[in-house]
Amino acid sequence: MKKWILLLTGVLLVSIIAAGCSSGNNSGTVNNASPSADNTQNGGAKVNISLWVLNTGWEWLPEAVRDFEQTNPNISVEVTKYEVDPIKEALKVAASSKTLPDMWFTWGGSLGSFYAENGMTMDLTQVAADHKWSEIYNQTAIDMSTYDGKVSGIPIHLNVLGMWYPKNVYQKLNLQAPATFAEFESQLQTLKDNNITPLAFGSKGGWHTMRLTEQLLEHFAGPELHDKLNSLDASWNDPAVVKAFGKIKEYTDKGYFPMGYSSLDPSEAESLIYQEAAGIINEGTWFDGTIITNGFNPKDFDVFKFPNDQTPSRASVFAEMFQINAETEAAKQEAAIKFGEYLTSTDVINKYVEDYGSPAALEFNISDTTPHLKPLLDSAGDGGFLITDQALPQEVAQKLFEAQDKVALDEWTPQQAAEGMDKAVTAYKSKQK
Amino acid sequence: MEELRVHPGIQALRYTVLILLAAIFLIPVLFIAFTALKSKSDLLTSPFYALPQKFQWGNFAEAWNQGKMSMYMSNTAFICLVKVPLGIMIEALAAFALTRLNFKWSNSMFAFFLVGMMIPIQATLVPLNIFLNKTHLVNTYPGIFLVYVGFGIPFGILILRGFFRTIPKEIDESALIDGCGDMGKFYRIVLPLAMPAIATLVIFDFMATWNEFLLAQIFITKDSMRTITTGLLSFKGEHATDYTLMNAGVLISIIPTLVVYLLFQKYFVSGLAGSVKG
């Protein structure tokens, strides 16, 4: 027995030492925000930058990095890939422990603002002016990467949301994309009368219903008040908010959503669209790719802008960007800007356009496989409002999700939902003081 | 001795309840299997509880290759094979000291270890990240073993201390008369007698390590070192999730835990029963 234990202990020790040795080359490479610059290559100081980025959807990145490193032999890029939720978690942990990488991917709105407002991101305002970003990127994307007047990210993607529908369903019922809110509502009833679920919404997580709520707010409140609601400069206990929640209640009661939609996974609701058992789903510029991934043809679907009867008629949008570490050394910041501008350039977008997503750049070639990308981006031509879960502080956004669910489940009246939101905003603001 | 007879009605009721309970636990697994065996379009155009129109056995191979599961499973197996025995060895030594060495503050020290179970892992992420970065242990196996073993110690001591206390101290006295020192008592007497508890702990610890997600997603960021739980997330994109391959991957990933459970299950109940006594 003793020999057996000693043998096992020995094996374990050898394993640990071997593991330590084998992983020694990796140590500190990822979370180390400021790896020291390597020795010279071709006579110049080599700069090593670390980048955290999403994994899925960025399959084109390794090749783009190789190309960049070949043309910039003095810069090397170390990429760490995360999935969606892990990158949010890892960035927060790294920010709290001051171990952020040199540059990172993030979403706009309240997700990206955390790093800018806490002084962790480089102020790119002067860079944006010097490099004429307004001629390169969509202004909406630049605006959504700007906090307190400071540009704090290099825009990568600009996503625009719209109402997608299966062409077959609309053709069978002789429907066309609605031009007014009244027409939209009439189509919901027509779909329902023909045993088709009008709105394929799965609100587990809150996003699907939120995308409708924000359009109803834009419709009832108008752009000015809607913006003030999102910036917490107006009271949510407002008749326009009550009316918006009232519509959620009305649509629920009329059976416009799938049964039990409050707890339905968005992907389950999405399946109804493919089955042509539902009429409309609120998705964004990425949805062509989703349709293809799921084995269907994007040409069998079409999209219209939500008819909110407002002028300007704004679309729901959100941006994604690269932020650069404010604490990292100047040479690395310069290299990171160069790399970020390269990844968001027209040449790179055109090379990987099929997989790139919805670019923030103004000029790029449209792929045949994404037929709805251009119409959706054009639909934001009148302007856009930031998608609600990025516009609102996260705890207020969570309250909105709760309010939507409680209205749908008859636990709150629309008036109580508006009051609940107002209380959440007041509580949030008092904490900020 | 006359066998205790159970009324056939009660027996039938007992089996009915057991079958219902088994169904409650098995139905989700069944739906995972259905999803794993469907094509993407089949999944999206038929109810989730429907049988696949055509069984897509190729999903498993695709998940294995596309999801780089051989690499992720090897990494996880390596971590488990080192962490589980190492952790149990440390826990057993600590439990032995707490129950057999009769020192003054043994109960207070036991309570101190238990405090470790009350600290939420989330609250330790930032300090751990600072520590591992400063010691250059991020993305290293020693760093991972340190964190995993540390978090496993309180539960292991709780189980083993309970079991060790059920072993009569008279055996220790006999061993002492026969010339055994403290380490001799540990290796020759206590450890062999505690095999049921250790087997129970192997099952718990292996499952916890194999399924660990939170620490792995923060402290293992290098793809070549990722574990199976974080690797499976590669089927989930920003806007869409490949549920067929993800479910195929999930089914593949549970095989090792199933094997470990089947290997050690005969000790499971006695180990657990002993550990909670006294």
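Since we're looking at a predicted model, the values are computed, not measured. (Residues numbered from 1 in each chain as written. Chains lettered and ligands numbered in written order. Predicted model: local features only at pLDDT ≥ 70, side-chain atom pairs only at ≥ 80, totals over all residues. Heavy atoms only, no water.)

**Here we look at the pairing of strand 4 (residues 103-107) of chain A**
Residues and elements named next belong to chain A. The buried count for strand 4 comes to five of five residues, which makes it a mostly enclosed element. The side-chain alternation of strand 4 yields two buried faces, one formed by M103, F105 and W107 and the other by W104 and T106. Sheet topology note: the strand 4/strand 11 (residues 315-324) ladder contains five bridges and is antiparallel. Each bridged residue has a counterpart across the sheet, and for W107 the counterpart in strand 11 is E320. (Buried < 20%, exposed > 50% of the residue type's maximum accessible area, 1.4 Å probe, protein only. Helix = DSSP H or I, 4+ residues; strand = E, 2+ residues; numbered from the N terminus. Pairing = 2+ DSSP bridges.)

**Observations regarding the environment of L61 of chain A**
Residues and elements named next belong to chain A. Considering the arrangement of structural elements, one finds L61 in helix 2 (residues 61-71). Taking the C-alpha atoms as reference points, L61 and T121, 60 residues apart in sequence, are found 23 Å from one another. Once residues lying within four places of it in the same chain are set aside, the contact partners of L61 are L51, V53, V79 and L343. (Contact = heavy atoms within 4.5 Å.)

**Topic: the domain arrangement of chain A**
Residue and element names in this part refer to chain A. For chain A, the assigned domains read domain 1 (13-159 + 317-383) and domain 2 (160-312 + 388-431). If you look at the interface, domain 1 gives 22 residues, while domain 2 gives 21 residues. For the domain 1 and domain 2 pair, buried surface summed over both sides reaches about 1,700 Å², with 64% attributable to carbon and sulfur atoms. Of all residues in domain 1, S110, H372 and L376 bury the most surface against domain 2, accounting for 37% of the area lost on that side. The interface formed by domain 1 and domain 2 contains one salt bridge. The residue D382 makes a salt bridge to K305 at a minimum N-O spacing of 3.9 Å. On the surface where domain 1 and domain 2 come into contact, there are six residue pairs in polar contact (both at pLDDT 80 or more). For the side of domain 1 that touches domain 2, the secondary structure elements donating two or more residues are helix 4 (109-117), strand 7 (154-166), strand 11 and helix 16 (373-379). A total of four residues in the side of domain 1 that touches domain 2 trace back to one element, the largest contributor, which is helix 16. (Domains from an automatic or database assignment. Buried area = accessible area lost by both parts, 1.4 Å probe. Salt bridge = Lys/Arg side-chain N within 4 Å of Asp/Glu carboxyl O. Polar contact = N/O pair within 3.5 Å; in protein donor to acceptor, adjacent residues only side chain to side chain.)

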